[in-house]
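Commentary on secondary and tertiary structure
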Amino acid sequence: IIVIMDEAFSDLSVLGEFQTNEDYMPYIHSLKQDEDVISGYLNVSVLGGNTANTEFEFLTGHSMAFLPQGSVAYQQYLKSESASLPSYLKSLGYSTVAIHPYYADGWERDRVYPLLGFDEFMSKDDFTGAGKIRKHISDEACFDKIIKLYENKPEGEPLFVFNVTMQNHSGYDE
């Protein structure tokens, strides 16, 4: 199971139709035509920041709607092991890996991911020499890392990878 939370990526056509002289996302649109690909749309509770809260909602199934406005669940509420998708998959024999190619201590991921059941956490320190877009590690470098994890896992061992990318993160003036 591979989950990619592509930071700040969006298809603006969900807001309404518009015309372009060429397909602006040919690969993404081709995936929607592939019968082996499960796809859909996700609406998140955050806009323009606090990515960790979207991660929290996805990984735990809990809603930020029940926490005080301005909360960051990772920093304020996750203090011990918590039921989550990775902990459940781990109980089924999955190897669980979180990837975020930025600072490990951002939103306290280095502390929280093990509490959620991740066996391993890869941060920007695990991407030495990786390609960058602006100043962020590229999605391509992340996907290459996922492919290597999959190809090098023990045969028959199920794998869960949760990747929060950085390529599309702000700093759009560069």
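First, a word on scope: everything that follows refers to the structure included in this document. The structure presented is a predicted model; accordingly, all values stated were derived computationally and were not measured.

Taken together, the side chains of Leu12, Val14, Leu15, Phe18, Tyr24 and Tyr41 make up a nonpolar region of the molecular surface, amounting to roughly 690 Å² of accessible area. Along the chain, Phe18 turns up in the loop between strand 1 (2–5) and helix 1 (26–33). Under the relative-accessibility criterion, Phe18 is labelled partly exposed at 41%.

Burial of strand 6 (residues 159–164) is extensive: 6 of the 6 residues sit out of reach of the surface. Going residue by residue along strand 6, you find Leu159, Val161 and Asn163 tucked away on one face and Phe160, Phe162 and Val164 tucked away on the opposite face as well. Relative to strand 6, strand 1 is paired through 4 bridges, and the arrangement is parallel. Its bridge partner lying in strand 6, Ile2 is registered against Val161. Summarising the sheet, strand 2 (residues 95–99) and strand 6 pair through 5 bridges and their orientation is parallel. Its bridge partner lying in strand 6, Ala98 is registered against Phe162.

Before going further, it helps to spend a moment on the pairing of strand 2. The buried count for strand 2 comes to 5 of 5 residues, which makes it a mostly enclosed element. Residues Ser95, Val97 and Ile99 line one face of strand 2 and the alternating positions Thr96 and Ala98 line the opposite face, and both faces are buried. Direction of pairing for strand 2 relative to strand 3 (residues 120–122): parallel, over a ladder of 3 bridges. Residue pairing for strand 3: Ala98 is matched across the bridge by Phe121. In this region the chain leaves strand 2, passes through helix 5 (residues 109–115) and returns to the parallel neighbour strand 3; the handedness of that crossover is right-handed.

Further remarks concern the sheet that holds strand 6. If you walk across this open sheet you meet the 4 strands as 1-6-2-3, and the pairing is parallel. In this open sheet, the two edge strands, each paired with only one partner strand, are strand 1 and strand 3. Ignoring strand direction, the axes of neighbouring strands in this sheet form an average angle of 15°. Sitting on the sheet, helix 2 (residues 51–60) touches strand 1 and strand 6, and the angle it makes with strand 6 is about 155°. Sheet strands in contact with helix 6 (residues 139–152) are strand 1, strand 2, strand 3 and strand 6, and its direction is about 170° off that of strand 6.

What counts and what doesn't
Think of each chain on its own: its residues are numbered from 1, step by step along the sequence as written. For a predicted model such as this one, the threshold for reporting local features is a pLDDT of at least 70, and the threshold for listing and counting side-chain atom pairs is 80 or more; totals across whole chains, interfaces and linings nevertheless cover every residue. Only heavy atoms go into the side-chain values, all of them from the structure, while hydrogens and water stay out. For patch building, the residue pool is restricted to those with more than 30% relative accessible area and no salt bridge; the joining distance is 9 Å between like charges and 5 Å between nonpolar side chains (Val, Leu, Ile, Met, Phe, Trp, Tyr). Here, Shrake-Rupley sampling with a 1.4 Å probe gives the accessible areas, and only protein chains in the shown set may cover a residue. The term salt bridge refers to a side-chain nitrogen of Lys or Arg lying within 4 Å of a carboxyl oxygen of Asp or Glu. In DSSP terms, a helix is any run of H or I states spanning at least four residues, a strand is any run of E spanning at least two, and both are numbered starting from the N terminus. Accessible area is worked out with a 1.4 Å probe on protein chains only. A residue is then buried under 20% of its type maximum, exposed over 50%, and partly exposed in between. Pairs of strands are assigned from DSSP output, requiring at least two bridges between the strands. With strands facing away from the observer, any crossover in which the path from the first strand over the helix to the second runs clockwise is taken as right-handed. Between the N-to-C directions of two axes lies an angle of 0 to 180 degrees, each axis being a line fitted to C-alpha atoms and, for a helix, fitted only over the stretch in contact. Only heavy atoms matter for contacts: two residues are in contact if any of them lie within 4.5 Å across the pair.

Shape is all these values report; function is a separate question.
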